[in-house]
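Examination of the molecular architecture
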Amino acid sequence: QKEVEQDPGPLSVPEGAIVSLNCTYSNSAFQYFMWYRQYSRKGPELLMYTYSSGNKEDGRFTAQVDKSSKYISLFIRDSQPSDSATYLCAIGGYQKVTFGTGTKLQVIP
Amino acid sequence: GAGVSQSPSNKVTEKGKDVELRCDPISGHTALYWYRQSLGQGLEFLIYFQGNSAPDKSGLPSDRFSAERTGGSVSTLTIQRTQQEDSAVYLCASSLAPSNEQFFGPGTRLTVL
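First, a word on scope: everything that follows refers to the structure included in this document. In this text the structure is predicted, and so the values were computed from the model without any measurement.

Take the overall build of chain B next. Regarding its fold elements, chain B presents 0 helices and 11 strands. Each helix (α) and strand (β) of chain B, taken in turn from the N terminus, gives the series β-β-β-β-β-β-β-β-β-β-β. Rg of the C-alpha trace for chain B: 13 Å, near the compact-globule value of 13 Å for 113 residues, within the 12% margin. Across its three principal directions, the C-alpha atoms of chain B cover 35 × 25 × 25 Å. Scored against the burial criterion, the 113 residues of chain B give a buried share of 47%. The contacts in chain B between residues at least 6 apart in sequence include a share of 54% that link residues at least 24 apart.

Structure (structure tokens):
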């Protein structure tokens with residue numbers, strides 16, 4: 001079993017839809033959680049960083065962490081074509097971060 | 001301020017040659033990470049530096065791979081006797097401290113012919 005599991009997609013949604021991206025993890029020692037957006041031929045760009053269970057909101061993005069279920073989500077409201085990218089979850093413990101394989105999202109105008 | 005920079009952005013080399021990839025982290029960031037991303041794959045951890053020391057080299061795929069960091073800043077990843085399977089994007093990231101968020105550079109796209 002991989003330490004971090006992420007559905008690779010692709011996920012295709014119409015513009016304006018709410019997008020839900022998810023990851024599960026197996027190691028309860030993981031302490032902090034990140035979401036990255038990666039456009040084609042670019043480096044990953046940090047979207048959200050959180051270390052506690054619950055929700056964290058930043059503009060159209062909401063990160064949700066459920067440590068009891070070892071499940072994290074990223075919600076994108078009012079999705080835009082510019083949100084089309086690959087989204088990577090990353091889960092960290094002391095001195096180590098494990099990345100999901102990424103979910104490819106396409107937002108159709 | 002300036003983000004993480006990497007050079008070169010693209011490198012094409014012949015099988016068997018050595019290559020050096022460079023990473024300039026964000027100023028003041030003590031932790032530096034190297035990852036490899038192959039087509040359709042996730043990020044593969046290679047090595048982590050805290051200051052100039054590498055407490056975790058567990059991800060280096062073979063003894064052809066080595067890395068160093070000098071002055072707590074610039075890092076170089078060296079691949080000796082490159083093989084075609086080394087073709088990938090090599091990404092560098094830095095963070096203020098080991099458990100803080102990581103900021104990535106644009107990557108070096110390596111192609112081994």
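All names here are of chain B. Pairing within the open sheet is antiparallel, and its 4 strands lie in the order E1-E3-E8-E7. Of all the strands in the sheet, the pair left with one neighbour each is strand E1 (5–7) and strand E7 (65–69). Going from strand to strand, the sheet's axes swing by 15° on average, the running direction of each strand aside. Taken together, the 5 bridges between strand E3 (residues 19–24) and strand E8 (residues 75–79) define a ladder with antiparallel strand orientation. Note that in E8 the partner of glutamate 20 across the bridge is threonine 78.

Residue and element names in this part refer to chain A. For aspartate 78, the location among the structural elements is in the loop between strand E8 (71–76) and strand E9 (85–93). Since its relative accessible area comes to 41%, aspartate 78 is described here as partly exposed. For the pair aspartate 78 and serine 40, spaced 38 residues apart in sequence, the C-alpha separation works out to 22 Å. Non-local contacts of aspartate 78, meaning those with residues more than four positions away in its chain, are made with Gly16, Ala17, Arg60 and Asp83.

Let's shift gears to the nonpolar core. Residues and elements named next belong to chain A. The biggest cluster of nonpolar side chains holds 23 residues, and the ones touching the most others in it are Trp35, Ile72, Leu74 and Tyr87. Mapped onto this core, the elements with two or more residues apiece are strand E3 (19–25), strand E4 (32–38), strand E5 (45–50), strand E7 (61–66), E8, E9 and strand E11 (103–108). Non-local contacts of tyrosine 87, meaning those with residues more than four positions away in its chain, are made with Gln6, Leu21, Tyr36, Arg37, Leu47, Leu74, Ile76, Gly102, Thr103 and Leu105.

On to the layout of surface pockets, then. Taken as a whole, the largest pocket encloses approximately 830 Å³ of empty space. Lining the largest pocket are 34 residues; nearest its centre among them are Gln38(A), Ser40(A), Arg41(A), Gln37(B) and Leu39(B). Elements with a minimum of two residues in the lining of the largest pocket: E9 and E11 of chain A together with strand E9 (88–95) and strand E11 (108–112) of chain B. Within the lining of the largest pocket, the residues separate by chemical class into 12 nonpolar, 18 polar and 4 charged.

This brings us to the state of the cysteines. Residue and element names in this part refer to chain A. Enumeration according to the criterion identifies 2 disulfides over all chains in this entry. The residue that forms a disulfide with cysteine 23 is cysteine 89, at a sulfur-sulfur distance of 2.0 Å. One disulfide, between cysteine 23 and cysteine 89, carries an S-S torsion of -100° and so falls in the left-handed class. On the criterion of sequence distance, the pair formed by cysteine 23 in strand E3 and cysteine 89 in strand E9 is long-range, its members being 66 residues apart. The same class applies to cysteine 23 as to cysteine 89, namely buried.

What follows concerns the interface of chain A and chain B. It is common to give the size of an interface as the accessible area lost on bringing the parts into contact. Taken residue by residue, the interface counts 18 residues in chain A and 18 residues in chain B. Summing both partners gives a buried area of about 1,500 Å² for chain A against chain B, and 54% of it is carried by carbon and sulfur. By the criterion of area lost to chain B, the three top residues of chain A are Pro44(A), Gln95(A) and Phe99(A), representing 35% of everything that side buries. Residue assignment for the side of chain A that touches chain B shows that the elements contributing at least two residues are E4, E5, E9 and strand E10 (96–99) of chain A. Among the elements that line the side of chain A that touches chain B, the one with the most residues is E4(A), at 4 residues. Counted by class, the side of chain A that touches chain B contains 10 nonpolar, 6 polar and 2 charged residues.

Before going further, it helps to spend a moment on the packing of aromatic side chains. All names here are of chain A. What the rule picks out here adds up to 12 aromatic pairs over all chains. Considering the side-chain rings of tyrosine 36 and phenylalanine 99, the 5.7 Å spacing of their centres and the 45° angle between planes classify their relative orientation as tilted. Here tyrosine 36, found in strand E4, pairs with phenylalanine 99, found in strand E10; they are 63 residues apart in sequence, far enough to count as distant. By the burial criterion, tyrosine 36 is buried, and phenylalanine 99 matches it.

Rules used throughout
Residues numbered from 1 in each chain as written. Chains lettered and ligands numbered in written order. Predicted model: local features only at pLDDT ≥ 70, side-chain atom pairs only at ≥ 80, totals over all residues. Heavy atoms only, no water. Helix = DSSP H or I, 4+ residues; strand = E, 2+ residues; numbered from the N terminus. Rg over C-alpha atoms; globule rule 2.2 N^0.38 Å. Buried < 20%, exposed > 50% of the residue type's maximum accessible area, 1.4 Å probe, protein only. Contact = heavy atoms within 4.5 Å. Pairing = 2+ DSSP bridges. Axes fitted to C-alpha atoms, helices over the stretch in contact; angles between N-to-C directions. Core = buried A, V, L, I, M, F, W, Y, C linked by side-chain atoms within 4.5 Å. 1 Å grid on protein atoms, 1.4 Å probe; cavity = no way out; pocket = protein on both sides within 12 Å on 5 of 7 lines; lining within 4 Å. Points joined across faces, edges and corners; volume = space filled by probe spheres on them. Nonpolar A, V, L, I, M, F, W, Y, C, P; charged D, E, K, R; others polar. Disulfide = S-S within 2.5 Å. Buried area = accessible area lost by both parts, 1.4 Å probe. Phe/Tyr/Trp six-rings, centres within 6.5 Å; stacked < 30°, edge-to-face > 60°.

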